[in-house]
Amino acid sequence: MLNVENLVVCYGGIEALKGIDFNVEEGKIVTLIGANGAGKSTTLKSIVGLVKPKNGKISYLNKNLLNVETKNMVKEGIVLVPEGRRVFPDLTVLENLKIGAFVRKDENKIKEDLEWVYSLFPRLKERTWQLAGTLSGGEQQMLAVGRALMARPKLMMMDEPSLGLAPLIVKEIFEIIKEINKQGVTILLIEQNANAALHIADYAYVLETGKITMQGKGKELLEDENVKKAYLGQNTK
Amino acid sequence: MTLELFLQHFANGISLGSLYALIAIGYTMVYGILRLINFAHGDIFMMATYFAFFGVLTFNMPWYISFIVAIILTGLLGIGVEKAAYRPLRNSPKISILISAIGVSYLLENLSIVLFDGRPKPFPTPNIFADVINIGNISIQRLTFIIPVVTIILLFLLLFLVNNTKSGMAMRAVSKDQETAQLMGVDVNSTISFTFGIGSMLAAIGGLMWALKFPQIQPLMGVMPGLKCFIAAVIGGIGNIKGAVIGGFLLGIGEILLVAFLPSLSGYRDAFAFILLILILLFKPTGIMGEKIAEKV
Ligand SMILES: Nc1ncnc2c1ncn2[C@@H]1O[C@H](COP(=O)(O)OP(=O)(O)OP(=O)(O)O)[C@@H](O)[C@H]1O
Ligand SMILES: [Mg+2]
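Residues numbered from 1 in each chain as written. Chains lettered and ligands numbered in written order. Predicted model: local features only at pLDDT ≥ 70, side-chain atom pairs only at ≥ 80, totals over all residues. Heavy atoms only, no water.

## Brief notes about the overall build of chain A
- Across its full length, chain A holds 10 helices and 10 strands.
- Relative to the globule expectation of 18 Å for 237 residues, the C-alpha radius of gyration of chain A, 17 Å, shows essentially globular dimensions.
- Each of the three principal axes of chain A carries a C-alpha extent, and together these read 45 × 40 × 30 Å.
- Here chain A holds 237 residues, and 57% of them are scored as buried.
- On chain A, roughly 10300 Å² of surface is accessible, and the fraction owed to carbon and sulfur atoms is 50%.
- Positive and negative side-chain charges of chain A, numbering 32 and 29 respectively, have mean locations separated by a distance of 2 Å. (Helix = DSSP H or I, 4+ residues; strand = E, 2+ residues; numbered from the N terminus. Rg over C-alpha atoms; globule rule 2.2 N^0.38 Å. Buried < 20%, exposed > 50% of the residue type's maximum accessible area, 1.4 Å probe, protein only. Areas by Shrake-Rupley, 256 points an atom, 1.4 Å probe, with all protein chains shown as cover. Lys, Arg positive; Asp, Glu negative; His and termini not counted. Charge placed at Lys NZ, Arg CZ, Asp CG, Glu CD.)

This is the structure:
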């Protein structure tokens, strides 16, 4: 579905991505794990056009994504849940969800999807009129995911959804990611929390300072000695 | 001072305050979305009056057609200024855009001196505005009533637009986080253009009513009102639409009452706004309705 080839991104003279290749198969959960500064966010930003790559190809459903502007990504069915949630703080929960459906015109379907999101996250329903800025971190993450779902994406990309959340909430959110995937949304999940990510991923890549150093089925990487040492051993999250 | 006289002054204050409010809204909207003080805003207000002037006198349009044309042209001018002078600098340091705004301001002022001639021109005032209404012992120009009514109607329309429509939601989203708004499919450029268009059209309506109230127009007429309305926006809490309106009314009413009660100070009329600004900056720098801080980082 999404295919990235030899992606190189530079900030100033410094290469943040040194030519990475990966592939997201339709219907799957694919994860990209890596430590701070590995280039995870940069990868997602290049896919959605917020960062211009120096080199490489990004194709999506056989279309060259490099020519698609950021604001048109949702129309292609691609949506990003950004790092740090980035909900609109002085919009209400409902408005945040509605803005997820900004480009859609099918009012009836939007209403259905709103109910769908509320059924996934009942906590948001109780807080429809609350300003998003006053939600707890976990609730904001739910809202960010709900907002993305309101676009009815084919591919949902998530940048560290576990960031700063208590283990129980992380578990809850990852369960929901699995559920969303079961309902037909392909997921590209970026995580530092390798343990949580590998448990739900069909396929995984390990990104280290701008290079992909390992890849394999989620379960396989969980058993891999190198991964255990580097990402699971000291990971207490 | 008799009650009648006080009411008469008060009505004048409200009407001047309404004009300030309409112009202050433009400052606040642009600041809200771009974090930019649009120094050209006062000159855009001035241009509106010339558009209407030429519409009536050169093109012989009826005044209401000419006003509508002027309002639309002014909206387009605002959009054009943003496209030409601010958009190319959007990713530059804030100070660059600010300087560009000052440049646009001088450009518009000097361009109108060259094109329209620097000498003041009498603005044609249709009779329906000039009529005087008598209530008891108070006699007030009809315009003095019309101005606040128009302002209040526009304010409600604007608040509806911002709070209850999709475009308004896009404006609020873009003003907080352009990147994320884009990811949701919001067209940031057209949202910003829309904001400039609305703000400039409101300034045009303010400018036209200003020219009806003080029927003489000249290329530098936007400078002082521009400054004062910027102050009104700051007093109200820049970025906040209701705040800009409150600031405008406070400034207008305060100014008129100052002159009325302390005629010996009437020479300090313009200084009043600046003194108020200093006091606000000292005691409540975020303004009366200062932006809510609801962000959790
Ligand atoms: N706008 C920028 N300008 C310059 N350098 C940048 C910029 N954004 C990122 N970088 C650099 O690129 C590298 C990769 O950053 P990136 O944000 O992709 O890391 P990450 O894997 O998402 O890390 P984290 O887990 O901390 O979010 C880092 O060294 C970072 O300093
Ligand atoms: Mg990151």
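Still more to cover.
## Comments concerning the pattern of salt bridges
All names here are of chain B.
- According to the stated counting rule, one finds 23 salt bridges over all chains in the structure shown.
- The salt bridge involving Glu-82 is made with Arg-90; its shortest N-O contact spans 2.9 Å. When sorted by exposure, Glu-82 lands in the same class as Arg-90, which is buried.
- Linking Arg-142 and Asp-131 is a salt bridge whose minimum nitrogen-to-oxygen distance equals 3.4 Å. Remark: Asp-131 occurs in the loop between α5 (127–130) and β2 (132–135) and Arg-142 occurs in helix α6 (residues 142–164); sequence separation between them is 11 residues. (Salt bridge = Lys/Arg side-chain N within 4 Å of Asp/Glu carboxyl O.)

## Things to note about the interface of chain B and chain A
- The interface of chain B with chain A comprises 20 residues on the first partner and 27 residues on the second.
- The junction of chain B with chain A conceals about 2300 Å² of combined surface from both sides, 65% of it contributed by carbon and sulfur atoms.
- Broken down residue by residue, the surface that chain B buries against chain A is led by Met-169, Leu-183 and Met-184 of chain B, which jointly contribute 30%.
- The interface formed by chain B and chain A includes 5 salt bridges.
- Asp-177 of chain B is paired through a salt bridge with Arg-86 of chain A; the nearest N and O atoms lie 2.7 Å apart.
- Linking chain B to chain A there are 5 residue pairs in polar contact (both at pLDDT 80 or more).
- Going through the elements one at a time, α7 (166–176) and α8 (178–183) of chain B are the ones with two or more residues in the side of chain B that touches chain A.
- At 6 residues, the largest contribution of residues to the side of chain B that touches chain A is made by α7 of chain B.
- Here the side of chain B that touches chain A is composed, by residue class, of 8 nonpolar, 4 polar and 8 charged. (Contact = heavy atoms within 4.5 Å. Buried area = accessible area lost by both parts, 1.4 Å probe. Polar contact = N/O pair within 3.5 Å; in protein donor to acceptor, adjacent residues only side chain to side chain. Nonpolar A, V, L, I, M, F, W, Y, C, P; charged D, E, K, R; others polar.)

## Topic: helix α7 (residues 167–182) of chain A
All names here are of chain A.
- Its 16 residues place the ends of α7 23 Å apart at the C-alpha level, agreeing with the 22 Å of an ideal helix rising 1.5 Å per residue.
- For α7, the complete set of buried residues consists of Ile-169, Val-170, Ile-173, Phe-174, Ile-176, Ile-177, Ile-180 and Asn-181. An end-on view of α7 places all buried positions within 160 degrees of arc, on one side of the element. Facing away from the buried side of α7, by more than 90 degrees, are the exposed residues Pro-167, Leu-168, Lys-171 and Lys-182.
- Looking one or two residues beyond α7, the residue adopting positive phi is Gly-184, at roughly 105 degrees. (Expected span 1.5 Å × (residues − 1). Arc of directions from axis to C-beta.)

## Here we look at the site of ligand 1
All names here are of chain A.
- Taken together, 13 residues lie near ligand 1, and Lys-40, Ser-41, Thr-42, Glu-83 and Glu-160 sit nearest.
- Thr-42 places a polar side-chain atom, nitrogen or oxygen, 2.5 Å from an oxygen atom of ligand 1.
- With the chains in place, 58% of the 630 Å² that ligand 1 exposes on its own is no longer accessible.
- Residues that form the shell around ligand 1 fall into these classes: 4 nonpolar, 6 polar and 3 charged. (Near = heavy atom within 4 Å.)

## As for the sheet that holds strand β3 (residues 29–33) of chain A
Residue and element names in this part refer to chain A.
- In spatial order, the strands read β6-β7-β8-β3-β9-β10; together these 6 strands make up an open sheet with mixed pairing. Each edge of the open sheet is held by one strand with a lone partner, namely β6 (78–81) and β10 (211–217). Between one strand axis and the next, the sheet turns by 15 degrees as a mean value, whatever way the strands run.
- For strand β9 (residues 203–208) and β10, the ladder comprises 6 bridges, and the chain directions are antiparallel. Bridging from a neighbouring strand, Tyr-205 pairs with Gln-215 of β10. (Pairing = 2+ DSSP bridges. Axes fitted to C-alpha atoms, helices over the stretch in contact; angles between N-to-C directions.)

## Considering the environment of Phe-261 of chain B
Residue and element names in this part refer to chain B.
- Relative to the assigned elements, Phe-261 resides in helix α11 (residues 241–261).
- Residue classification places Phe-261 among the partly exposed residues on the basis of a relative accessible area of 46%.
- Sequence separation between Phe-261 and Gly-237 is 24 residues, and the spatial gap between their C-alpha atoms is 28 Å.

## Section: the coordination of the magnesium ion (ligand 2)
Residue and element names in this part refer to chain A.
- Listed as protein donors to the magnesium ion (ligand 2) are Ser-41 (OG) and Glu-83 (OE); their distances from the metal cover 1.9 to 2.5 Å. Taken together, the residues Ser-41 in helix α1 (residues 40–47) and Glu-83 in the loop between β6 and α3 (93–100) connect sequence positions 42 residues apart.
- A residue is classified by how much of its surface remains accessible, and Glu-83, at 33% relative accessible area, is partly exposed. (Donors = N, O, S within 2.8 Å, 3.2 Å for Na, K, Ca; no water.)

## A closer look at the sheet that holds strand β5 (residues 63–64) of chain A
Residue and element names in this part refer to chain A.
- Here 4 strands make up an open sheet; going across it, the order is β2-β1-β4-β5 and the pairing antiparallel. The open sheet terminates on both sides in strands that have one partner only, identified here as β2 (14–24) and β5.
- One ladder, built from 5 bridges, connects strand β1 (residues 2–11) with strand β4 (residues 55–60); its direction is antiparallel. Note on β4: the bridge partner recorded for Leu-2 is Tyr-60.
- Against the sheet, α1 engages β1, β2 and β4, with an angle of about 70 degrees to β2.

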